[in-house]
Amino acid sequence: MNGSNRPVALITGASSGIGAALAREFARHGHDLILSARSIAPMEALAAELRSGGTAVTILAADLAQPGGAAALVEAIGSREIEALVANAGLGAIAPFDRTAPERIGEVMQVNIVALTELTRLLAPGMASRRRGKIMLVASTASFLPLPGMAVYSASKAYVRSFGEALAQELRGSGVTVNVLCPGATATNFFKVAGGENTVMAKHLRHMMSADNVARIGYRGLARGERVTIVGAKNRIFTLIARCTPRFILLPVAARMLAED
C-alpha cells in the first residue's frame, strides 16, 4: 500500500471497459487507486500505465461473484481510507430466463446486487464519520425498463438505481455524495461476455459510446453531486421514452431487440 496523502479511489471491475476508463479518469483528477477484479494481468498493464503518470496503484484480486467476496476485499484493503468507492463490477446474461443457467443467474445477482450493497455498507460508515466521501454505483439505462431476454440483469440494475437514489437522500448533509451512473450500450466486451453477440441489438447497434466518454461524463456527474447521471443525449431520450410509453408497447420491442438475429 502506498503512503501518499492523495485521496484513494477503490474501483471494482477495473480490468477492462468502463472500469479501466474510470481508473484513468480518477487518476487524471489526482486520485491514487485500488483496482479490483478477477483478472490480474489486465490490471497490471493498466497499473503500469497509470504509475508512469505518478499515480500510486494497488491491485487486489477479488471474485465478487462468490459469497463473502466484498468482505474479503475490504479486509485486504485494511486500514487505508477510501475517499471514493466506484462499484463498477457487473455481470450480464442475455438469454431467456428459463434457458439461463441457474449458476449464471446467481452470479449476476451476487455481483450486481449483493456485493455492491455489501461494499457500500462496509465503506459508507467510515466516509460518513470522516464527513467526506463519494460513492459511484454503476447501473445502466436498462434500469429504466424491464428487458425480456435480460430479465435478471435489468432487474438488478433497477435495484442499483433505486438503492443509490435512496442512499443519496439518506446521506444528504453527511459530506458523502452518492451518484448512480447509467450508461447505455458502450463499446466494451459486454455483449460477448453476456452471450449476446448474435442478438439483433448487438449486430445492428451503431455508434456505441466509448468507455472513455462514459467515464468522463460519469466523473463529471459525480463531482457535481448529481444523483443520477444518464450518459449521452440519446440515452436520456431513451429513458424518457421508457418512463412515458406503456409497457405493452415497449416490452415486445425490447424482446425483439434482444432476440437472436
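Cut-offs used in this document
Residues numbered from 1 in each chain as written. Predicted model: local features only at pLDDT ≥ 70, side-chain atom pairs only at ≥ 80, totals over all residues. Heavy atoms only, no water. Helix = DSSP H or I, 4+ residues; strand = E, 2+ residues; numbered from the N terminus. Buried < 20%, exposed > 50% of the residue type's maximum accessible area, 1.4 Å probe, protein only. Contact = heavy atoms within 4.5 Å. Lys, Arg positive; Asp, Glu negative; His and termini not counted. Charge placed at Lys NZ, Arg CZ, Asp CG, Glu CD. Pairing = 2+ DSSP bridges. Axes fitted to C-alpha atoms, helices over the stretch in contact; angles between N-to-C directions. Phe/Tyr/Trp six-rings, centres within 6.5 Å; stacked < 30°, edge-to-face > 60°. 1 Å grid on protein atoms, 1.4 Å probe; cavity = no way out; pocket = protein on both sides within 12 Å on 5 of 7 lines; lining within 4 Å. Points joined across faces, edges and corners; volume = space filled by probe spheres on them. Nonpolar A, V, L, I, M, F, W, Y, C, P; charged D, E, K, R; others polar. Polar contact = N/O pair within 3.5 Å; in protein donor to acceptor, adjacent residues only side chain to side chain. Salt bridge = Lys/Arg side-chain N within 4 Å of Asp/Glu carboxyl O.

Quick look at the overall build of the protein now. Counting secondary structure elements, the protein contains 10 helices and 7 strands. With respect to the three principal axes, the spread of C-alpha positions in the protein is 55 × 40 × 35 Å. Here the protein, with 261 residues, has 48% of them falling under the buried criterion. Nonlocal contacts in the protein, meaning residues at least 24 apart in sequence, comprise 71% of its contacts between residues at least 6 apart. Within the protein, one finds 28 positive and 19 negative side-chain charges whose respective centroids are separated by 8 Å.

Moving on: the sheet that holds strand E3 (residues 57-61). Strand order in this open sheet of 7 strands is E3-E2-E1-E4-E5-E6-E7, and the pairing throughout is parallel. For this open sheet the edge positions go to E3 and strand E7 (228-230), each flanked by a neighbour on one side alone. Strand-to-strand twist in this sheet, taken as the mean axis angle between neighbours without regard to direction, amounts to 15°. Of the pairings in the sheet, the one linking strand E1 (residues 8-12) to strand E2 (residues 32-37) comprises 5 bridges and is parallel in character. Its bridge partner lying in E2, Leu10 is registered against Ile34. In the packing of helix H1 (residues 17-28) onto the sheet, contacts are made with E1, E2, strand E4 (84-87) and strand E5 (133-138), and the angle to E1 comes to roughly 170°. Contacting E2 and E3, helix H2 (residues 40-51) runs over the sheet at an angle of about 175° to E3.

A few words on the packing of aromatic side chains. Counted by the stated rule, this structure contains 2 aromatic pairs. The interplanar angle of 85° and the centroid separation of 4.9 Å between the aromatic rings of Phe26 and Tyr219 together place this pair among those described as edge-to-face. With a gap of 193 residues between them, Phe26 in helix H1 and Tyr219 in helix H8 (residues 211-224) connect regions that are remote in the sequence. Residue Phe26 is classed as buried on the basis of its relative accessible area, which comes to 1%. By relative accessible area, Tyr219 is classed as buried at 13%.

Applying the stated criterion across every chain, the model contains 1 cavity of 30 Å³ or more. Around the largest cavity, the lining residues are Ala93, Ala95, Pro96, Phe97, Thr100, Ile105, Val108, Met150, Ala151 and Val152. Taken together, the elements giving at least two residues each to the lining of the largest cavity come down to helix H4 (102-130) and helix H5 (151-170). Here the lining of the largest cavity is built from residues that sort into 9 nonpolar, 1 polar and no charged.

Our focus in this paragraph is the side chain of Asn235. Turning to its location among the elements, Asn235 is positioned in helix H9 (residues 233-244). Of the polar contacts made by the side chain of Asn235, one reaches the backbone oxygen of Val231; its length is 2.5 Å.

Side chains that differ in sign of charge can pair as their charged atoms come close. One pass over the full model with this rule turns up 10 salt bridges. Of the charged contacts, one joins Arg38 and Asp63 as a salt bridge, the two residues approaching to 3.7 Å between their closest N and O atoms. Within this pair, whereas Arg38 is found in the loop between E2 and H2, its partner Asp63 is found in the loop between E3 and helix H3 (69-77), the two being separated by 25 residues in sequence. Residue classification places Arg38 among the partly exposed positions, given a relative accessible area of 47%. Salt-bridge contacts for Arg161 lead to Glu165; the nearest nitrogen and oxygen are separated by 3.4 Å. One end of the pair, Arg161, and the other, Glu165, are both in helix H5, 4 residues apart, so they sit about a helical turn from each other. Its relative accessible area of 17% is what places Arg161 among the buried residues. Take Glu165: its relative accessible area is 32%, and that puts it in the partly exposed class.

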